[in-house]
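Structural characterization, general
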Amino acid sequence: MKKTMIIIGAGIAGLSTGCYGQMNGYSTEIFELHNLPGGLCTSWKRKGYTFDGCIHWLVGSNKNSSMYKMWEELGVVQGQKFVNHDEFTRIVAKNGKTFILYTNVDQLEKHMKELAPEDTPLIREWCNVIRDLSKVDFPLDIEEYSLGEKIKTIKELWPLIKNFRKYSKTSVESFAERFKNPFMREVIPQIFGLDEFSLIPLLFTLAWMNAENAAFPIGGSLAFAHKIEKKYLELGGTIHYNSPVKKIIVKEHKAIGIGLEDGREFFADYIISAADGHKTIFEMLEGKYVDDKISGYYRDLPIFKPEIQVSIGVNRDLSNEPHSVKIPLTSPIDIGGQKYWNLGFKHYCYDASLSPQGKSVVVALLTSNYDFWSELYKTPEKYTAEKERISSAVIESLEELYPGISVQVEVIDVATPMTYERYTGNWQGSMEGWLPSTKGFGIRMRKDLPGLKNFFMAGQWVEPGGGIPTAALSGRNLMKKLCKKDHTQFIKKG
Ligand SMILES: Cc1cc2nc3c(=O)[nH]c(=O)nc-3n(C[C@H](O)[C@H](O)[C@H](O)COP(=O)(O)OP(=O)(O)OC[C@H]3O[C@@H](n4cnc5c(N)ncnc54)[C@H](O)[C@@H]3O)c2cc1C
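Residues numbered from 1 in each chain as written. Predicted model: local features only at pLDDT ≥ 70, side-chain atom pairs only at ≥ 80, totals over all residues. Heavy atoms only, no water.

Comments concerning the site of the ligand
Contacts to the ligand come from 37 residues, most closely from Glu32, His56, Asn426, Gln460 and Ile468. One of the backbone N or O atoms of Gly11 is found 3.5 Å from an oxygen atom in the ligand. Contacts to the ligand include Glu32, whose side-chain N or O atom sits 2.6 Å from an oxygen atom. The fraction of the free accessible surface of the ligand (1000 Å²) that becomes covered by protein chains is 97%. Counting only elements with at least two residues in the shell around the ligand, the list comes to helix 1 (12-23), helix 11 (277-284), helix 15 (417-424) and helix 16 (468-485). Grouping the amino acids of the shell around the ligand by side-chain chemistry returns 21 nonpolar, 13 polar and 3 charged. (Near = heavy atom within 4 Å. Polar contact = N/O pair within 3.5 Å; in protein donor to acceptor, adjacent residues only side chain to side chain. Areas by Shrake-Rupley, 256 points an atom, 1.4 Å probe, with all protein chains shown as cover. Helix = DSSP H or I, 4+ residues; strand = E, 2+ residues; numbered from the N terminus. Nonpolar A, V, L, I, M, F, W, Y, C, P; charged D, E, K, R; others polar.)

Points about the environment of Gly14
Along the chain, Gly14 turns up in helix 1. Its relative accessible area of 0% is what places Gly14 among the buried residues. Setting aside its immediate chain neighbours within four residues, Gly14 contacts Ile7, Gly9, Ile30 and Ala274. (Buried < 20%, exposed > 50% of the residue type's maximum accessible area, 1.4 Å probe, protein only. Contact = heavy atoms within 4.5 Å.)

Quick notes on the packing of aromatic side chains
With the rule as written, the count across this model stands at 28 aromatic pairs. The interplanar angle of 15 degrees and the centroid separation of 6.3 Å between the aromatic rings of Tyr49 and Phe51 together place this pair among those described as stacked. For the pair Tyr49 and Phe51, a shared accessibility class is recorded, and that class is buried. Ring geometry for Tyr298 versus Trp461: centroids 6.4 Å apart, planes at 20 degrees, classification stacked. Placement of the pair is Tyr298 in helix 12 (residues 292-300) and Trp461 in the loop between strand 20 (455-457) and helix 16, with a sequence separation of 163 residues. As far as burial versus exposure is concerned, Tyr298 and Trp461 are alike and both buried. Aromatic rings pair up to connect Phe282, Tyr297, Tyr298, Trp427, Trp434 and Trp461 into one cluster. (Phe/Tyr/Trp six-rings, centres within 6.5 Å; stacked < 30°, edge-to-face > 60°.)

Some details on the sheet that holds strand 7 (residues 87-92)
In sheet architecture, strand pairing relies on hydrogen bonds along the backbone and comes in two forms, parallel and antiparallel. With respect to topology, 7 strands assemble into an open sheet ordered 8-7-16-17-18-15-19, the strand pairing being mixed. Because the sheet does not close on itself, it has two edges, and the strands there are strand 8 (98-102) and strand 19 (409-415). Recorded for the sheet is a direction-independent mean angle of 25 degrees between the axes of neighbouring strands. Examined bridge by bridge, strand 15 (residues 307-314) and strand 19 share 6 bridges and lie antiparallel to one another. Its bridge partner being in strand 19, Gln309 is matched across the sheet by Ala415. Each of strand 15, strand 16 (324-335), strand 17 (338-347), strand 18 (360-367) and strand 19 is contacted by helix 14 (residues 380-401), which is oriented at about 135 degrees to strand 16, the strand it contacts most. (Pairing = 2+ DSSP bridges. Axes fitted to C-alpha atoms, helices over the stretch in contact; angles between N-to-C directions.)

Quick notes on the sheet that holds strand 11 (residues 245-251)
A sheet is described by the order of its strands in space; here 3 strands give the open sequence 11-12-13, paired in antiparallel fashion. Taken across any chain shown, the strands that pair with only one partner, and hence form the sheet edges, are strand 11 and strand 13 (265-267). With direction set aside, neighbouring strand axes in the sheet form an average angle of 30 degrees. In this structure, strand 11 lies alongside strand 12 (residues 254-260), joined through 6 bridges in antiparallel fashion. The residue of strand 12 that forms the bridge with Val245 is Leu260.

Concerning the pairing of strand 15
Most of strand 15 is tucked away, with 8 of its 8 residues classed as buried. Here strand 15 shows no split at all, with Glu307, Gln309, Ser311 and Gly313 on one side and Ile308, Val310, Ile312 and Val314 on the other all buried.

Some points on the state of the cysteines
This model, assessed by the stated rule, comprises 0 disulfides. Between Cys19, a free cysteine, and Cys41, which holds the nearest cysteine sulfur, the sulfur-to-sulfur gap is 13 Å. Assessed through its relative accessible area of 0%, Cys19 is described here as buried. (Disulfide = S-S within 2.5 Å.)

Structural notes on the layout of surface pockets
Size it by volume and the second largest pocket reaches roughly 350 Å³. What lines the second largest pocket is a set of 18 residues, among which Thr42, Trp44, Ala415, Thr419 and Tyr423 lie closest to the centre. Secondary-structure elements contributing two or more residues to the lining of the second largest pocket are strand 3 (43-46), strand 19 and helix 15. The greatest single-element share of the lining of the second largest pocket, amounting to 5 residues, is contributed by helix 15. Residues belonging to the lining of the second largest pocket are distributed by class as follows: 7 nonpolar, 7 polar and 4 charged. The residue makeup of the lining of the second largest pocket includes at least three contributed by each of domain 1 (4-42 + 58-63 + 69-77 + 218-302 + 434-485) and domain 3 (307-415). (1 Å grid on protein atoms, 1.4 Å probe; cavity = no way out; pocket = protein on both sides within 12 Å on 5 of 7 lines; lining within 4 Å. Points joined across faces, edges and corners; volume = space filled by probe spheres on them. Domains from an automatic or database assignment.)

A short note on helix 10 (residues 220-234)
With 15 residues, helix 10 ought to run about 21 Å at 1.5 Å a step, and its terminal C-alpha atoms sit 22 Å apart, in line with that. All buried positions along helix 10 are accounted for by Gly220, Ser221, Leu222, Phe224, Ala225, Ile228, Glu229, Lys231 and Tyr232. Where helix 10 terminates, the next one or two residues include Gly236, which has phi positive at roughly 100 degrees. (Expected span 1.5 Å × (residues − 1).)

Digging into the domain arrangement of the chain
Domains assigned within the chain are domain 1 (4-42 + 58-63 + 69-77 + 218-302 + 434-485), domain 2 (102-211) and domain 3 (307-415). For domain 1 versus domain 3, the separation of C-alpha centres amounts to 32 Å.

Structural notes on the nonpolar core
Counting 48 residues, the largest nonpolar core has Phe99, Met112, Trp126, Met184, Ile188 and Ile191 as its most contacted members. Contributing elements (two or more residues each) for this core: strand 7, strand 8, helix 3 (105-115), helix 4 (120-134), helix 6 (158-167), helix 7 (172-176), helix 8 (182-187) and helix 9 (199-210). With 9 residues, the single largest contributor to this core is helix 9. Here this core spans two domains, since at least three of its residues come from each of domain 1 (4-42 + 58-63 + 69-77 + 218-302 + 434-485) and domain 2 (102-211). Not counting residues within four places of it along the chain, the set of residues in contact with Ile191 comprises Phe88, Ile91, Phe99, Leu101, Trp126, Leu202 and Lys326. Judged by nonpolar contacts, the second largest core, of 42 residues, contains Cys54, Tyr68, Trp71 and Phe456. (Core = buried A, V, L, I, M, F, W, Y, C linked by side-chain atoms within 4.5 Å.)

Here it is, written out as structure tokens:
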């Protein structure tokens, strides 16, 4: 008889777990709090515009990469068109000078040397690491390789091992300080603009872009999630939407089922949570199955802070403008005591499906403070007023970039940390789980909980670094582990 499995959450990790579960003969059911698949990987429509809330780059978009094979297994890349950008972003400094972060490393090296000739050795070092990492391909199923293939693969992974040792504890800011050129010292930390961010994920992002392996999927994030949902349903899986899980039912230290907010209960042989880690461990399981290590993560490790996403539909064609640019502001925007001295804007004109013809979607993302929003949310009028104030401030800044644009705005939408929390249940509205910081990057987290049988976790809260490929891979790896436990061979198609 088929073993049964309940999966909590229809984000990318939950959907992937479900797909591989079905492929491997388990009878799976997903319970999702929202009425849509995708979790953080989402988009929403307003007045004919589609505002994308997630994918800027999808690792594994290059046909020659291993990750592409996983996307094929999940049915997302068949017939999928991708856009590889020539520029990752542009950063304009206070003096008006512009740094163009080209995705092609040779072009980037040339540009950086022109901007900062005195830093030539450091620029060469940085670009050579990007070149090195561009060659790294993470094998999906190394355990299936022969000894010879394993040795070859480990040799190919050497640039990763070497550079990881050298740079994972270096933050982007401290690396930037090595530049003699003040302009470089100003712009490099702004690429991601995150405190304590390890240099390695930045270098990897640039390497994947250089290898044309981190593109934008035409149609956007929700369309992408719907493709995996379709695959899951075709494989015979079941999804229960609008079904928030309140508790995990445990009998004699064995997870046996779930209880929904509406009181209904469901039972299965395995319970997998691909939902928020904090809620799963400390609420659904009442903190009964933790050790010092796990509680230490939630106490000490930095997370990706939540974002405010301001999405704007404008009656203006921006397709000839750079798709991503960060500008300094004449006067800062103050949100909850945090001052923003610069602001990044992205337009999505490279994907015609996201806006009416001749019009454009523009998005600004601002990293924010959860406590501020959580307090404000208690008073609806204040919350709405703050969103309106932010809208006006962002439009004013956009006007600095594109004069005359404020009168062309047709729709504006502000998603706050509370929006992320409401729709995805993520702890403190986090956009991506654990930050790949100089502290937390590279930690291997366990996928079960101490003392609890038949329960596992998948997704960004057990894979530091987050991201869509990591979430999908997390589900895939978990199914491999379960197949091994149940003495069956892992199957990756269906
Ligand atoms: C603005 C933004 C930009 C991003 N850009 C990129 C990018 O360019 N590339 C990239 O790779 N990644 C990007 N990410 C990160 C990526 O979206 C996430 O890391 C990834 O989608 C996480 O997937 P997940 O399945 O682990 O978690 P989630 O997406 O959080 O899925 C968890 C699911 O569980 C559900 N759930 C929660 N609680 C319950 C409950 N009690 N009962 C039932 N269901 C529940 C949620 O509704 C959700 O559907 C971005 C994220 C954001 C917000």
